[in-house]
Amino acid sequence: MSKSGEGIELKEITVTKDGGAPKDSRSFRPNTIAEINAAAGYQPLVMTMGGKTWNVGCGNSVEDIGIITTCYVTLWSFLVALYSLLLKAVLDTDDQSTALYTFCFFGVIFVVMVAGAVYTGQLEEARLKKARAYRRAEALKAEGADAEEVEQ
């Protein structure tokens, strides 16, 4: 095997898509997920029953499934907590609707900021097009001047 930090040569991996000999050293792209998993020592979660093997979790390992599940649970817990706080704010300021006006104000500010970002992005694109056209014209002029010098 390769030394640490050098990476793994695919000629060291005997798993190929057609079951033949390993690829030569000029090939650097793996053909299959099995080759990628073998190179990394990755073990996806599989279930074997009745002599048949099924992938469980779309080729993810147990650790990956745990991380993905934790991320989803954290995200949805955060959203439920946020919506609960917003609902509490609305119910506490029900008489004058202060929370609703605050939410509206922040929503309008957000829309204005996104519109400003889109507008400035369009201005930047137009400026870049002008600069490219100017540089292209200057290059063509320089080529024309060089051609005239050669003819003279």
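Here is what the cut-offs are and how they apply
Residues numbered from 1 in each chain as written. Predicted model: local features only at pLDDT ≥ 70, side-chain atom pairs only at ≥ 80, totals over all residues. Heavy atoms only, no water. Helix = DSSP H or I, 4+ residues; strand = E, 2+ residues; numbered from the N terminus. Buried < 20%, exposed > 50% of the residue type's maximum accessible area, 1.4 Å probe, protein only. Contact = heavy atoms within 4.5 Å. Areas by Shrake-Rupley, 256 points an atom, 1.4 Å probe, with all protein chains shown as cover. pLDDT = per-residue confidence, 0-100. Salt bridge = Lys/Arg side-chain N within 4 Å of Asp/Glu carboxyl O. Pairing = 2+ DSSP bridges. Patch = residues over 30% accessible without salt bridge, like charges linked within 9 Å, V, L, I, M, F, W, Y side chains within 5 Å. Lys, Arg positive; Asp, Glu negative; His and termini not counted. Charge placed at Lys NZ, Arg CZ, Asp CG, Glu CD.

A. Fine view of the overall build of the chain. The secondary structure content of the chain amounts to three helices and two strands. Each helix and strand of the chain, ordered N terminal to C terminal, gives the series α-β-β-α-α. Within the chain, buried positions represent 6% of all 152 residues. Across the chain, the fraction of contacts at a sequence separation of at least 24, relative to all contacts at a separation of at least 6, is 5%. On the chain, roughly 12900 Å² of surface is accessible, and the fraction owed to carbon and sulfur atoms is 63%.

B. Highlighting the confidence of the model for the chain. In the predicted model, the chain carries a mean pLDDT of 82, and the fraction of residues at 70 or more is 78%. Within the chain, the lowest mean pLDDT, 76, falls on helix 1 (residues 33-40), and the highest, 94, falls on helix 2 (residues 62-92).

C. Broad picture of unusual backbone geometry. Even without being a glycine, S97 presents a positive backbone phi close to 55°. With respect to the helices and strands, S97 occurs in the loop between helix 2 and helix 3 (98-151). Judged by its relative accessible area of 25%, S97 is partly exposed.

D. Here's a closer look at the pattern of salt bridges. Tallied over the full model, the rule gives three salt bridges. In this structure, K88 and D92 form a salt bridge, with 3.0 Å as the shortest nitrogen-oxygen distance. Of this pair, K88 and D92 are both found in helix 2, four residues apart, which corresponds to roughly one turn of the helix. One salt bridge in this structure joins K141 and E138, with 3.9 Å as the shortest N-O distance. Taken together, the residues K141 and E138, both in helix 3 and three residues apart, mark about one turn of the helix. Owing to a relative accessible area of 33%, E138 belongs among the partly exposed residues under this scheme.

E. Layout of the pairing of strand 2 (residues 52-55). Bridge count between strand 1 (residues 46-49) and strand 2: four bridges; the pairing is antiparallel. From the neighbouring strand, V46 faces strand 2, where its bridge partner is N55.

F. Summary view of a nonpolar patch on the surface. Together, F78, L82, Y83, L86, L100 and F103 line one region of the surface with nonpolar side chains, adding up to about 570 Å² of accessible area. Sorting the residues of the nonpolar patch by element identifies helix 2 and helix 3 as the ones contributing at least two each.

G. Layout of the side chain of S61. Mapped onto the secondary structure, S61 falls in the loop between strand 2 and helix 2. Contact partners of S61, with chain neighbours within four places excluded, come to Y42, Q43, P44 and L45.

H. Layout of a positive patch on the surface. Side chains of K129, R132, R135 and R136 sit close together on the surface and give a patch of like positive charge. In this structure, R135 sits in helix 3. The exposure class of R135 is exposed, given its relative accessible area of 53%.

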